Amino acid sequence: MNVIVKATVVMLAAVMVVACSGQGANVKSPGASAPPAASGGPATPEGGESGGAQTSPVGGQGGMQGDELSNPNSPLQQRVVYFDFDKSDIKDQYKPVLKAHADYLASHPDIHVTLEGNTDERGTREYNMALGERRAKSVYQYLTLLGVSPSQLKIISYGEERPAALGHEESAWSKNRRVELDYGNQ
Amino acid sequence: MLRNRLVYLTLSLCLMAVSPHGRAALTIEITQGIEGAQPIAVVPFGWDGPGQPPQDVAGIIAADLKRSGQFAPLASSDFISQPHDNDKIQFHDWRLLGAPNLVVGTVRPEGMGYRVLFRLYDIYKETQLIGYSIPSTAAELRHTAHHISDMIYESLTGEPGAFDTRIAYVTQVRDAAGRSRYSLMVADSDGYNPRAALNSTQPIMSPAWSPDGKRLAYVSFENGRPEIYLQDLATQQRQRLSAYQGLNGAPAFSPDGTRLALVLSKDGNPEIYIMDLADRSLRRLTRNSAIDTEPAWTPDGKTIVFTSDRGGGPQIYQKPVRGGDVQRLSFEGEYNARAAVSSNGQLVAMVDGHDGKYRIAVLDRSNGTMRVLTDNTLDESPSFAPNGRMIIYATQVGNKGVLEAVSVDGRIHQRLGERTGDAREPAWSPFIQ
């Protein structure tokens, strides 16, 4: 390898280290979600008509900011919504959860959330990138409809590249067709 | 578990300049289609140097011809004699083996490298069909062998061979802690000389060859979101081509190499754009509220074939690059996506979803017939060999992502088994210039 190439590689590596330094902030919040088929982890309301979403007071605690996000009994702990195959419409069962997030975000205009769209592995990768984005946009539109400022929301699609469950059957696929709400570290 | 897998890692990305020679990452087995192959005698080449020959050139040629599914090289133990040049050939002896053709040759040291001589004979006519003397560096000896395979293949079939070509593909290896390492790999078409062009802790997608076979465009998530890069394979130098808000995906070089078709969602939803590589200027090709993605150029550079769900589900459409009406190409099956166009423009390969199975199909544009070539459940990413004879694609076998290839007539099936991790998104190179 000649000197010029070597220097280029070193420079590129340096650029990448710089580019990466912001990456550490992008760490998932704990207790992200429970898949739809699972019985629900402890303190993770299913978000259906069970009333779980209603029993926790939302925004009722006037303490430090971030309390609701870290409160294990808050519906805000459910940060994943799931979709049918090749579909991007929000299913009724996830509307109460998204309503809770919308209320929280509307009352905390300084809080930002990234909507991460994902698909199952079936079909083609770039089409799935587009489908993941469409799902994230669907959540984006629902949240803004409920009063969240677009400036609080960011969209990204991972397509089929970041499955939540490995496996090649519907039990895994149903967990992968999802949008995750990532509050990051704030 | 979910959290474990989703913890993002600080990016550690490195460009590898190391090429582990002579090791095959992909093992190739022919899974179907050996019947009907034409016997051929490839005699082990003579070696005029000291010690052992540096490569088994005849072995590489025989493996190439066998891999095509069109030839069945005879076992060298069946040979009565092992001639290396024209003066020692007893044609009537070779006729007894039932093979119509014979290949002989020698390798000899010359300067810092070697000279390879070979001859191809018609045994029944007792004539030489072709014979060449080729200088080769030590490092290029496998390529020289593939080049000879190409010449033999073309002499016997009338079509160019595609043995002296390469395959780009993406691998993903998960460690015990569930962390993934992604690599953009480039290997010879027989799986040898694998080399990582890029390693990353974040996904890599959609490798696409430049028409001169010297550069790859691809999608990398190294900055946490999809961006398109262009990398020179010889110098390892690379540049970021596209990092617009939203999707940056599905790069495809125009046949003349001056433009790149790509998918951006910066204007609202996924649309196909044409980027002029000289000044990076963009022209939007599609205008539709549906998903438009996965562009592929026809060989004349005049038309983009692409995936769109404007009709409800994903199907294959085409549109003139200069603008004009969109025309639907695929009508059979509820899901057709990710088209690849053959080098003569006649065939369009795609992923065909039907009854929950995703398989490789080809549409013959001359008569509109669609033919499913595979019988798997999760096929994707079809890519034509530059001579148009084979299609390489990715599929799932058990819990492993593997590469397979099928002849365009569906007769010959090969599996290219990656030894570690999952392999996917194969892209067959153009002819190496």
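If you're wondering where the values come from, they're calculated on a predicted model, not measured in any experiment.

Undergrad: Tell me about the overall build of chain A, residues and numbers included.
TA: Helix and strand counts for chain A stand at 6 helices and 4 strands. Ordered by position from N to C terminus, the α and β elements of chain A give α-α-α-β-α-β-α-β-α-β. A burial count over chain A gives 42% of its 186 residues as buried. Sequence separation of 24 or more characterises 72% of the internal contacts of chain A that already satisfy a separation of 6 or more.

Undergrad: An account of the overall build of chain B is needed here, citing residue identities and associated values.
TA: Within chain B, the secondary structure is distributed over 4 helices and 31 strands. With respect to the three principal axes, the spread of C-alpha positions in chain B is 70 × 50 × 45 Å. Buried residues in chain B amount to 47% of all 433 residues. For chain B, the share of sequence-separated contacts (at least 6 apart) that also reach a separation of at least 24 residues comes to 46%.

Undergrad: Now, about the pairing of strand E23 (residues 335–341) of chain B: what can you tell me, with residues and values included?
TA: All names here are of chain B. For E23, the buried fraction is high: 7 of the 7 residues fall into the buried class. Bridge analysis of E23 against strand E24 (residues 347–354) gives 5 bridges, and the strand direction is antiparallel. Residue alanine 337 lies in a different strand from E24, and its bridge partner there is valine 351. Hairpin connection from E23 to E24: 5 residues lie between these consecutive antiparallel strands, with glycine 345 at a positive phi of about 80°.

Undergrad: Lay out the environment of B:Ser133 with the relevant residues and their values.
TA: Residues and elements named next belong to chain B. Structurally, the position occupied by serine 133 is in strand E7 (residues 127–136). It is 43 Å that separates the C-alpha atoms of serine 133 and arginine 240, two residues lying 107 residues apart in sequence. Those residues in contact with serine 133 that sit more than four places away from it in its chain are Arg115 and Leu117.

Undergrad: Describe in detail the pairing of strand E2 (residues 113–118) of chain A, supporting the description with residues and values.
TA: All names here are of chain A. Burial analysis of E2 places 5 of its 6 residues in the buried class, the great majority of the element. Summarising the sheet, E2 and strand E3 (residues 153–159) pair through 6 bridges and their orientation is parallel. Within the sheet, the bridge partner assigned to threonine 114 lies in E3 and is lysine 154. Read from E2 through helix H5 (residues 125–145) to E3, the crossover connection turns out right-handed. As paired strands, E2 and strand E4 (residues 178–182) are joined by 4 bridges and run antiparallel to one another. In the strand pairing of E4, threonine 114 is matched with aspartate 182.

Undergrad: Talk me through unusual backbone geometry; I want residue IDs and the actual numbers.
TA: Here the phi dihedral of A:Asp86 falls at roughly 55°; this positive angle occurs in a residue that is not glycine. With respect to the helices and strands, the residue A:Asp86 is situated in the loop between strand E1 (80–82) and helix H4 (95–107). By the C-beta count within 10 Å, which is 21 here, A:Asp86 ends up buried. Positive phi outside glycine occurs at B:Asn193, with the angle close to 55°.

Undergrad: Tell me what's going on with helix H2 (residues 57–67) of chain B, and back it up with residues and numbers.
TA: Here H2(B) lies mainly inside the structure; 8 of its 11 residues are buried. Those residues of H2(B) that fall on the buried side of the exposure criterion are B:Val57, B:Ala58, B:Ile60, B:Ile61, B:Ala62, B:Asp64, B:Leu65 and B:Arg67.

Undergrad: Break down the sheet that holds strand E13 (residues 227–232) of chain B for me, citing the residues and quoting the values.
TA: Residue and element names in this part refer to chain B. An order of E11-E12-E13-E14 is seen for the 4 strands of this open sheet, with the pairing classed as antiparallel. Since the sheet does not close on itself, it has two edges, and those belong to strand E11 (204–209) and strand E14 (238–242), each with one partner. Pairwise comparison of adjacent strand axes, ignoring direction, gives a mean angle of 25° for this sheet. Sheet topology places strand E12 (residues 215–220) next to E13; 6 bridges connect them, and they run antiparallel. Looking across to E13, one finds that tyrosine 218 is bridged to tyrosine 229.

Undergrad: Please give an account of the domain arrangement of chain B that cites residues and values.
TA: Residue and element names in this part refer to chain B. Under the domain assignment used here, chain B contains domain 1 (2–22 + 165–428) and domain 2 (33–157). The straight-line distance from the C-alpha centre of domain 1 to that of domain 2 is 35 Å. Contacts between domain 1 and domain 2 engage 9 residues on the former and 7 residues on the latter. Taken together, the residues that form the side of domain 1 that touches domain 2 break down as 2 nonpolar, 4 polar and 3 charged.

Undergrad: Would you mind going over the sheet that holds strand E8 (residues 166–174) of chain B in detail, with residue names and values included?
TA: Residues and elements named next belong to chain B. One open sheet holds the 4 strands; their spatial order is E10-E9-E8-E31, and the pairing between them is antiparallel. Two strands close off the open sheet at either side, each with one partner strand: strand E10 (195–200) and strand E31 (422–428). Within the sheet, the average angular offset between the axes of one strand and its neighbour, ignoring direction, is 20°.

Undergrad: Let's hear about the confidence of the model for chain B: which residues, and what values?
TA: Averaged over every residue, the pLDDT of chain B is 90; the share at 70 or more is 91%. Every residue in residues 1–23 of chain B scores below 50 in pLDDT, and together they form 48 contacts with partners more than four places removed in sequence or on other chains.

Undergrad: So what about the confidence of the model for chain A? Which residues, and what values?
TA: Averaged over every residue, the pLDDT of chain A is 75; residues scoring 70 or more account for 63%. Counted against residues more than four places away or in other chains, residues 1–64 of chain A, with its pLDDT under 50, gives 100 contacts.

Undergrad: Outline the packing of H4(A) against H5(A), listing residues and values.
TA: Residues and elements named next belong to chain A. Running from amino to carboxyl end, H4 crosses H5 at an angle of 60°, the nearest separation of the two axes being 9 Å. As far as their axial angle goes, H5 and H4 are oblique. Handedness of the H4/H5 crossing: right-handed. Of the residues in H5, those touching H4 at Leu98, His101, Ala102 and Leu105 are Val139, Tyr142 and Leu143. Each residue belonging to the contact of H4 with H5 can be placed in one class, and the counts come to 6 nonpolar, 1 polar and no charged.

Undergrad: Any chance you could break down the packing of H2(B) against helix H4 (residues 141–157) of chain B for me, citing the residues and the numbers?
TA: All names here are of chain B. The interhelical angle for the contact between H2 and H4, taken along N-to-C directions, is 50°, at an axis separation of 9 Å. Considering the angle they form, H2 stands oblique to H4. Crossing geometry of H2 relative to H4 is assigned as right-handed. Mapping the contact onto sequence places Val57, Ile60, Ile61, Asp64 and Leu65 in H2 and Leu141, Arg142, Ala145, His146, Ile148, Ser149, Ile152 and Tyr153 in H4. The residue makeup of the contact of H2 with H4, split by class, is 9 nonpolar, 2 polar and 2 charged.

Definitions and cut-offs
- Residues numbered from 1 in each chain as written.
- Chains lettered and ligands numbered in written order.
- Predicted model: local features only at pLDDT ≥ 70, side-chain atom pairs only at ≥ 80, totals over all residues.
- Helix = DSSP H or I, 4+ residues; strand = E, 2+ residues; numbered from the N terminus.
- Buried ≥ 20, exposed ≤ 12 C-beta atoms within 10 Å, placed from the backbone.
- Contact = placed C-beta atoms within 7 Å.
- Pairing = 2+ DSSP bridges.
- Right-handed = clockwise from strand over helix to strand, strands pointing away.
- Axes fitted to C-alpha atoms, helices over the stretch in contact; angles between N-to-C directions.
- Domains from an automatic or database assignment.
- Nonpolar A, V, L, I, M, F, W, Y, C, P; charged D, E, K, R; others polar.
- pLDDT = per-residue confidence, 0-100.
- Parallel < 35°, antiparallel > 145°, perpendicular 65-115°, else oblique.
- Left-handed = near helix turned anticlockwise from the far one by under 90°.

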